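So you can see what is in the structure, the chains are spelled out below.
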Amino acid sequence: MSLRKLSDDVAVCGQIRPEDMKQVRELGFKTVINNRPDFEEPGQPLHAEIEASATAEGLAVHYLPLAAGMYPSQELLDQFKAVFDAAEKPVLAFCLSGNRSGQIYMGACGQAQ
């Protein structure tokens, strides 16, 4: 899992799998935000699978998907900011590569530190 830290409170990464949740917890994350839509590609784990594994590890998890190649809507940015502001930190957000998650975070919460 290749993490990119955007601030003291958030990092982004590419696709994570249900079996990665133990490592996510061990790295100190408290909340996971999934920005990748289900069924984007064959073999991708579904959000429900990730959510079940994250919950079993004691992590909060949220599903705020953004399709590849799309710009985040103001509604999505507002939803992300509300989730982020209320979330126990640090937060790990992911998508296919981490790029969409980074765009959403910076659009919703300001520039990376």
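(A) Structural context of the sheet that holds strand 3 (residues 31–34). Spatial ordering of the open sheet is given by 1-2-5-3-4, a layout of five strands whose pairing is mixed. The two strands at the open ends of the sheet, each matched to only one other strand, are strand 1 (4–7) and strand 4 (60–63). Sheet twist, expressed as the mean angle between neighbouring strand axes with direction ignored, is 25°. As judged from the four bridges shared by strand 2 (residues 10–13) and strand 5 (residues 91–94), these two strands associate in the parallel manner. Bridged to A11 within strand 5 is L92. Seen against the sheet, helix 2 (residues 47–56) touches strand 3, strand 4 and strand 5 and runs at an angle of roughly 165° to strand 4.

(B) Spatial organisation of the packing of aromatic side chains. Counted according to the given criterion, the structure contains two aromatic pairs. Seen from their ring centres, F80 and F84 are 6.2 Å apart, and the 10° between their planes marks the pair as stacked. Within this pair, F80 and its partner F84 are both found in helix 3 (residues 74–86), separated by four residues, close to a single helical turn. In terms of burial, F80 and F84 fall into one category: buried.

(C) Examining unusual backbone geometry more closely. The omega angle of the peptide bond from K89 to P90 is 0°, so this bond is cis rather than trans. Tracing the backbone shows P90 in the loop between helix 3 and strand 5. Residue F39 is not a glycine yet carries a positive backbone phi of 65°. Among the structural elements, F39 can be located in the loop between strand 3 and helix 2.

So, how was this worked out
- Residues numbered from 1 in each chain as written.
- Predicted model: local features only at pLDDT ≥ 70, side-chain atom pairs only at ≥ 80, totals over all residues.
- Heavy atoms only, no water.
- Pairing = 2+ DSSP bridges.
- Helix = DSSP H or I, 4+ residues; strand = E, 2+ residues; numbered from the N terminus.
- Axes fitted to C-alpha atoms, helices over the stretch in contact; angles between N-to-C directions.
- Contact = heavy atoms within 4.5 Å.
- Phe/Tyr/Trp six-rings, centres within 6.5 Å; stacked < 30°, edge-to-face > 60°.
- Buried < 20%, exposed > 50% of the residue type's maximum accessible area, 1.4 Å probe, protein only.

Any functional reading would require information that these geometric values do not contain.
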